Every structure is written in C-alpha cells, then in structure tokens.
Amino acid sequence: MSGSFVDLQVNGYGGVDFNQDDLDAAALHRACERLEADGVGGILATIITDDLGVMCRRLSAIASLRERDPLARRLVEGIHIEGPFLNESDGYRGAHPRDAIRPADVESMTRLLDAAGGLTRVVTLAPERDAAMKVTRFLATKGIVVSAGHPDATLDELRGAIDAGLSLFTHVGNGCPMLMHRHDNIVQRALSLADRLWLCFIADGAHVPFTPLGNYLKLAGYDRCLIVTDAIAPAGLGPGRYKFGRWDLVIGEDMVSRAPDRSHFVGSGVTMKQSAENLRQALGLPEAVIRKLTLDNPRSAAGL
C-alpha cells in the first residue's frame, strides 16, 4: 500500500506516554521517530481525562514541545482531547477516572483549547453529558471535529448532537460495558447513523473481534469508517510494564492492554502497520479499501 498511515488517536508510542507529566523533547522526538519508522505519516496526539489543571498542563507541554521539533511538527498534525466530558458510569467510562469526569461546559472547554495552543482537531465527549449541546455547538463553530465517545446516548440525543455539529464516533464497540441490552445498545445506535457519522474502529482483534469488525465495516460502509489504534506507550515495542496516565500496566505476549482486574481495556498496544495487516489477513480487504480506512478517511474525517 502506497502512502503513510494517519492515526487520529495516539496516547503514546514506542515507550513514551504523551500523558506523562514529565514528557520532554527527547521523548516526544523518540516517539515520532518510531511512528515514522512504522509507516505513520500523521497523528493526533491524544490527552485523556484527568483533573482539568493536569490536562491543561499536558496539553501545553505537547504544544510547546511540538513547536520546537521539526519532526514533531510534521508528524503531530494536531491534538485529540478525549474527555473529561464523558459518561461516568462503570463500563461506559472505560479507563477514564471517575473522579475527573464532569459534565461538559464551555468555560472548561475553553481552558483546554487555550492550553492546546490552537492545535485541537478532535474533541471526544458523551453527547448526553453536554446539556443543550452547548459545547458541541461551540466546538463546531470553531471548526473542531466533535466525536461521540464513552457515551450511552439515546438515538434522539445522538441525532440532536449531529444537528449541533457532531460528525465522528470514537472507537465504536469500546467505552461500553461487557453486559448491555443485546439489541438496543450504543453500538447499534452508532451503526444506524453511519450515513451521518464517521465511525472509528480499533482493528486489533481484541477491542472488536474480527468477525463483528468485518460486519460493522460492511454495514456502515467503507466510505464512512476509519481505523485508529488508541495506542499507548507499549505500541511499537513489546510486552512489559508501562505507564499510561494514572495506570501502571503489565502488557502480556498478546499485546492487549487490560486493566489489572481485566474488566476493561486501557488503550491499545497495536500499531497502524499491524492494523493494516489484520485488515488484509483476517478480513481479506483489498489494498484500496485498507488505504481508505487507514489514510484517506482519517484525513477527511479530521479535516487534515
């Protein structure tokens, strides 16, 4: 496949955690070198839910360090803010800490955007936690892509959010409980709106097993879907002990990042190169479709 991968959700890579408080220029450069070596041509560095001040410091660090490094400026095409305006219920919040999750408000969103220095390209929030869709409308007027993530929004709430500017859905099939209604659930609601939303999927075979992933892609249509990794520090390396935000993780041979009690995933250890190979081998997708899912559609969805 010609061209480089574009990944809209990268929390860290090559042993580097973008959510660490002591991120420095050398670490960011090292992560970018590893990403580029693995065929990635552009990413959105992702900062996840924490105390608002902590998130602001991490966003400012990414923006400042990127500005000083030509490789980082080329590779880090923007920032993805995932949280803190998510559904706080167990299962739906996934790895995001309950004590830092909060309802959406324009003042807090403005603080986060200011800290990111104009680099924010995507914001993930739960539509049902955005009263009157005020933050969604606010972001849309600024040209920032609003993505539904970690939600249990009703169909009407999703439609209302789309009318307000929502255009993306973060890692469909994740950020939801293992046990939920077998038919009326957030995955089915997202799929039903694929004609109005870009749908993101993690193609590691664990977050969504390959059989349902193939079904989802065919149902939604290859023109409306894209692949992200949700990568954390072990991506591009191998098994071991790693930090991700507040988490201290042990990654096994399968490279699947799970919470210590194994109740949910904590980001991913997969790379875009591995994802493309999974699409090729496990799903039998042609090269033109793989390129669309891993390069063309991500660029279009994020306006890059």
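For the structure itself, consult the block above.
What this report covers is the structure whose coordinates are included nearby.

Each value, and the rule that gives it
- Residues numbered from 1 in each chain as written.
- Predicted model: local features only at pLDDT ≥ 70, side-chain atom pairs only at ≥ 80, totals over all residues.
- Heavy atoms only, no water.
- Helix = DSSP H or I, 4+ residues; strand = E, 2+ residues; numbered from the N terminus.
- Rg over C-alpha atoms; globule rule 2.2 N^0.38 Å.
- Buried < 20%, exposed > 50% of the residue type's maximum accessible area, 1.4 Å probe, protein only.
- Contact = heavy atoms within 4.5 Å.
- Areas by Shrake-Rupley, 256 points an atom, 1.4 Å probe, with all protein chains shown as cover.
- Lys, Arg positive; Asp, Glu negative; His and termini not counted.
- Charge placed at Lys NZ, Arg CZ, Asp CG, Glu CD.
- Axes fitted to C-alpha atoms, helices over the stretch in contact; angles between N-to-C directions.
- Parallel < 35°, antiparallel > 145°, perpendicular 65-115°, else oblique.
- Nonpolar A, V, L, I, M, F, W, Y, C, P; charged D, E, K, R; others polar.
- Left-handed = near helix turned anticlockwise from the far one by under 90°.
- Core = buried A, V, L, I, M, F, W, Y, C linked by side-chain atoms within 4.5 Å.

Things to note about the overall build of the protein chain
- Check the secondary structure of the protein chain and you find ten helices and twelve strands.
- Relative to the globule expectation of 19 Å for 304 residues, the C-alpha radius of gyration of the protein chain, 17 Å, shows essentially globular dimensions.
- C-alpha atoms of the protein chain, sized along the principal axes, occupy 45 × 45 × 40 Å.
- Residues counted as buried form 58% of the 304 residues belonging to the protein chain.
- Sequence separation of 24 or more characterises 73% of the internal contacts of the protein chain that already satisfy a separation of 6 or more.
- By element, 49% of the accessible surface of the protein chain is carried by carbon and sulfur atoms, the whole surface being about 11900 Å².
- Averaging the coordinates of the 33 positive side-chain charges in the protein chain and doing the same for the 38 negative ones gives two points 2 Å apart.

Observations regarding the packing of helix α2 (residues 52-67) against helix α4 (residues 106-115)
- The N-to-C vectors of α2 and α4 enclose an angle of 25°; their axes lie 7 Å apart at closest approach. As judged from the angle between their axes, α2 and α4 are roughly parallel. Two secondary-structure elements touch here, α2 through L52, G53, M55, C56, L59, S60 and A63 and α4 through S108, R111, L112 and A115.
- For the contact of α2 with α4, the class distribution of residues is seven nonpolar, three polar and one charged.

Notes on the packing of helix α9 (residues 272-281) against helix α10 (residues 287-302)
- Viewed as axis vectors pointing N to C, α9 and α10 meet at an angle of 140°, and their least axial separation amounts to 10 Å. As α9 packs across α10, the resulting crossing turns out to be right-handed. For the pair α9 and α10, contact is made by M272, A276, L279 and R280 and by E287, I290, L293 and T294, respectively.

Considerations on the nonpolar core
- Judged by nonpolar contacts, the single largest core of 81 residues is most densely connected at M109, L139, L199 and F201.
- Per-element tally for this core: the top contributor is α2, with seven residues.
- Setting aside its immediate chain neighbours within four residues, L139 contacts M109, L113, V123, L125, I144 and V146.
- Ranked by size, the runner-up nonpolar core spans 15 residues in total, among them W198, C200, I202 and V270.

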